[in-house]
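The chain contents come next:
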Amino acid sequence: MKTTIKSISASVFILAMTTGCSAPQPVPFQLVDPASKIQKGTIFPDGQRIEAVVDGQLYKGFYIVASGVAYSQSFGGASPFSRNMVATYSSNSVRAQLTSDTGQRLSCEFLFESRRAIGECRSPAGAVYQLSADQK
């Protein structure tokens, strides 16, 4: 019995290591201003966190992936009863809110797929940064 449990445990561990059950890795990205100055940032998928350094100032925050619930009702052909169906969906549209230690803010909207992202971040003062990540 002990041998069986040990071999099952070893098999589960090997399976987990080979099928990618580890935590998602951080995704580095760039923020490019209108003068083509590049700032750096990182998306942390494991906790839906995001950080960026803009002109030496660290901004930290969170992001939310757009999701929702869809309801539908179908009527069975011969059945007098209808069936209600509920589906939860998630998209790749993301919104993020970042704040610096001095209270400065950045609001970001981007599309996020696997280890790639594209979109933009804006400051309340009107500064716009193009966000891009391409980690194949």
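Residues numbered from 1 in each chain as written. Predicted model: local features only at pLDDT ≥ 70, side-chain atom pairs only at ≥ 80, totals over all residues. Heavy atoms only, no water.

Asks: Whenever I open this one, the state of the cysteines confuses me. Can you help?
Replies: The term disulfide refers to a covalent linkage connecting the sulfur atoms of a pair of cysteines. Considering all chains together, one arrives at one disulfide under this definition. Across the disulfide from Cys108 sits Cys121; the S-S distance is 2.0 Å. Note on the Cys108 and Cys121 pair: the S-S dihedral is about 110 degrees, so by sign convention the disulfide is right-handed. Of this pair, Cys108 sits in strand β6 (residues 105–113) while Cys121 sits in strand β7 (residues 116–122), and the two are 13 residues apart along the sequence. (Disulfide = S-S within 2.5 Å. Helix = DSSP H or I, 4+ residues; strand = E, 2+ residues; numbered from the N terminus.)

Asks: Could you clarify how one ought to interpret the pattern of salt bridges in this entry?
Replies: In a structure, side chains of opposite charge can pair up when their charged atoms sit close to one another. Under the definition given, this model contains four salt bridges. Lys37 is the partner of Asp55 in a salt bridge, and the nearest nitrogen-oxygen pair spans 2.8 Å. Of this pair, Asp55 sits in the loop between β3 (49–54) and β4 (57–75) while Lys37 sits in the loop between β1 (27–32) and β2 (38–44), and the two are 18 residues apart along the sequence. Given the relative accessible area of 43%, Lys37 is considered partly exposed. In this structure, Arg122 and Glu120 form a salt bridge, with 2.9 Å as the shortest nitrogen-oxygen distance. Residue class for Glu120 comes out partly exposed when judged on its relative accessible area of 25%. (Salt bridge = Lys/Arg side-chain N within 4 Å of Asp/Glu carboxyl O. Buried < 20%, exposed > 50% of the residue type's maximum accessible area, 1.4 Å probe, protein only.)

Asks: What is the right way to read a nonpolar patch on the surface from this model?
Replies: Residues Val69, Tyr71 and Val86 make up a contiguous nonpolar surface patch of about 340 Å² in total accessible area. You can see Val69 is positioned in strand β4. (Patch = residues over 30% accessible without salt bridge, like charges linked within 9 Å, V, L, I, M, F, W, Y side chains within 5 Å. Areas by Shrake-Rupley, 256 points an atom, 1.4 Å probe, with all protein chains shown as cover.)

Asks: Even after reading the chapter, I still don't get the pairing of β7, so can you show me in this structure?
Replies: Residues in a regular strand project their side chains so that they alternate between the two faces of the sheet. Burial of β7 is one-sided: the residues Ala117, Gly119 and Cys121 facing one way are buried, the residues Arg116, Ile118, Glu120 and Arg122 facing the other way are not. Note that β6 and β7 share seven bridges and pair antiparallel. What sits directly across from Phe112, in β7, is Ala117. One ladder, built from seven bridges, connects β7 with strand β8 (residues 128–134); its direction is antiparallel. Note on β8: the bridge partner recorded for Arg116 is Asp134. (Pairing = 2+ DSSP bridges.)

Asks: How should I be thinking about the nonpolar core in this particular structure?
Replies: Soluble globular proteins: nonpolar side chains tend toward being buried together. Core analysis: the biggest nonpolar cluster contains 21 residues, and Phe29, Leu31, Ile43, Ile50, Leu98, Phe110 and Phe112 have the highest contact counts within it. For this core, the elements supplying multiple residues, two or more each, are β1, β3, β4, β5 (82–100), β6, β7 and β8. The residues touching Ile43, leaving out its near neighbours within four places in the chain, are Pro26, Val27, Phe29, Arg49, Ile50, Tyr63, Phe110, Phe112 and Ala117. (Core = buried A, V, L, I, M, F, W, Y, C linked by side-chain atoms within 4.5 Å. Contact = heavy atoms within 4.5 Å.)

Asks: Could you clarify how one ought to interpret the side chain of Ser123 in this entry?
Replies: Considering the arrangement of structural elements, one finds Ser123 in the loop between β7 and β8. A residue is classified by how much of its surface remains accessible, and Ser123, at 17% relative accessible area, is buried. Beyond its immediate chain neighbours, meaning those up to four positions away, Ser123 contacts Arg105 and Leu106.

Asks: Is there a simple way to explain the packing of aromatic side chains in this structure?
Replies: Counted by the stated rule, this structure contains three aromatic pairs. A centroid spacing of 6.2 Å and a plane angle of 80 degrees characterise the contact between Tyr63 and Phe112, whose relative ring orientation is edge-to-face. Here the residue Tyr63 occupies a position in strand β4, and Phe112 occupies one in strand β6, the gap between them amounting to 49 residues. Residue Tyr63 is classed as buried on the basis of its relative accessible area of 4%. Centre to centre, the rings of Phe110 and Phe112 are 6.2 Å apart; their planes meet at 80 degrees, and the pair counts as edge-to-face. Judged by its relative accessible area of 15%, Phe112 falls in the buried class. Joined through ring pairs, the aromatic side chains of Tyr63, Phe110 and Phe112 make up one cluster. (Phe/Tyr/Trp six-rings, centres within 6.5 Å; stacked < 30°, edge-to-face > 60°.)

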